Amino acid sequence: MKTKNVLFIVEGTNDEPHFIKQLLSKCYPSYNYKIYSYEANLHMLASRLEKDYADFEDDELDILLFLKSYEESNKEIFNLKYTDVFMIFDFEPQHPDQHFDTIQKMTRYFNQSDERGKLFINYPMMQSYRHLKSLPDQSFLSSKLLEKDFYHYKQIVSNESFNNDVSNYDYTTFMSLTYHHLAKLLFIQKNEIVVPTLSDYDAIDYAKIFDIQYENLQKGFIWILNTCILILIDYKPSSFFEQIQKHTTSFLLPF
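Just so it is clear, the model here is predicted, and its values are computed rather than measured. (Residues numbered from 1 in each chain as written. Predicted model: local features only at pLDDT ≥ 70, side-chain atom pairs only at ≥ 80, totals over all residues. Heavy atoms only, no water.)

K.L.:
It is not clear to me how the sheet that holds strand β1 (residues 5-10) should be interpreted in this structure. Could you clarify?
P.N.:
The strands that make up a sheet are held in pairs by hydrogen bonds between backbone atoms, and each pair lies either parallel or antiparallel. The sheet built from 5 strands is open, its strands ordered β2-β1-β3-β5-β4 with mixed pairing. Of all strands in the sheet, those bounded by a partner on one side alone are β2 (32-37) and β4 (111-112). Of the strand pairs in this sheet, β1 and strand β3 (residues 84-90) are connected by 5 bridges, and their pairing is parallel. Note that in β3 the partner of Leu7 across the bridge is Val85. Against the sheet, helix α1 (residues 15-27) engages β1, β2 and β3, with an angle of about 170 degrees to β2. Sitting on the sheet, helix α2 (residues 42-52) touches β3 and β5 (117-122), and the angle it makes with β3 is about 115 degrees. (Pairing = 2+ DSSP bridges. Helix = DSSP H or I, 4+ residues; strand = E, 2+ residues; numbered from the N terminus. Contact = heavy atoms within 4.5 Å. Axes fitted to C-alpha atoms, helices over the stretch in contact; angles between N-to-C directions.)

K.L.:
Before we go on, may I ask you to explain a nonpolar patch on the surface in this structure?
P.N.:
Together, Ile193, Val195 and Phe255 give the surface a local cluster of nonpolar side chains, amounting to about 290 Å² of exposed area. With respect to the element layout, Phe255 can be found in the segment after α10 (237-246). (Patch = residues over 30% accessible without salt bridge, like charges linked within 9 Å, V, L, I, M, F, W, Y side chains within 5 Å. Areas by Shrake-Rupley, 256 points an atom, 1.4 Å probe, with all protein chains shown as cover. Salt bridge = Lys/Arg side-chain N within 4 Å of Asp/Glu carboxyl O.)

K.L.:
I tried to follow the pattern of salt bridges on my own but got confused; where do I start?
P.N.:
Two side chains that carry opposite charge are able to pair once their charged atoms sit near each other. Considering all chains together, one arrives at 7 salt bridges under this definition. Between Asp84 and Lys4 there is a salt bridge, and its shortest N-O distance comes to 3.1 Å. Of this pair, Asp84 sits in strand β3 while Lys4 sits in the segment before β1, and the two are 80 residues apart along the sequence. We classify Asp84 as buried; its relative accessible area is 5%. We classify Lys4 as partly exposed; its relative accessible area is 22%. A salt bridge links Asp211 to Arg108; the shortest N-O distance between them is 2.5 Å. You can see Asp211 sitting in helix α8 (residues 206-218) and its partner Arg108 sitting in helix α4 (residues 100-109), a full 103 residues away along the chain. Residue Arg108 is classed as partly exposed on the basis of its relative accessible area, which comes to 40%. (Buried < 20%, exposed > 50% of the residue type's maximum accessible area, 1.4 Å probe, protein only.)

Everything listed is a geometric property; what it means functionally is a separate question.
Rendered as structure tokens:
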């Protein structure tokens, strides 16, 4: 198997890097990766794309060269060769300057980590990975966030999460959380409850998830969902499902 060298392009300097480092240290300690903090949200990135590359989906945009053109102090990170590029950003439904039309195009363009890069959008934001009341949590499948609570989401998670300190998470915790979010994503995409399989994972349509979430936004709610935690599966999909079958009880799965 080809040795992977991965670049994570993330929104913030704290939550996303801390999460990624903890997940990979517990699940794939030999994983080769670097993290670049963009230090701006998805709508701001979309705004820059609109300004500089309005037809980026037709022009075969190189996201690394694009970001390098704006970077002043850390250009070197974009000069390295990567096998995969993952972009991790928040949906930000409460953002005052929204660019959802461009973000919709981004979900369709950035869909392959080893080519153009792969965009993971967390709904409503990064902290959704821990928005479960227990492990397992069957109620997570139907959990929503109402528009009136968009501005208070971090506090809501803090009050309701089974464990707010990701530094305490181990391999079993990450496997359980990943399975919960995968099952939730498939429920949103298929509109039915399914026991996730490898073929289901291969058929995930992140653009469709965005479309559904944007449609729900017009109705005053969104489904609570973290997609970036699926990097745990993305690295070795077959291995993930083999482990799930072997350790169904110990991994604290919802069904």
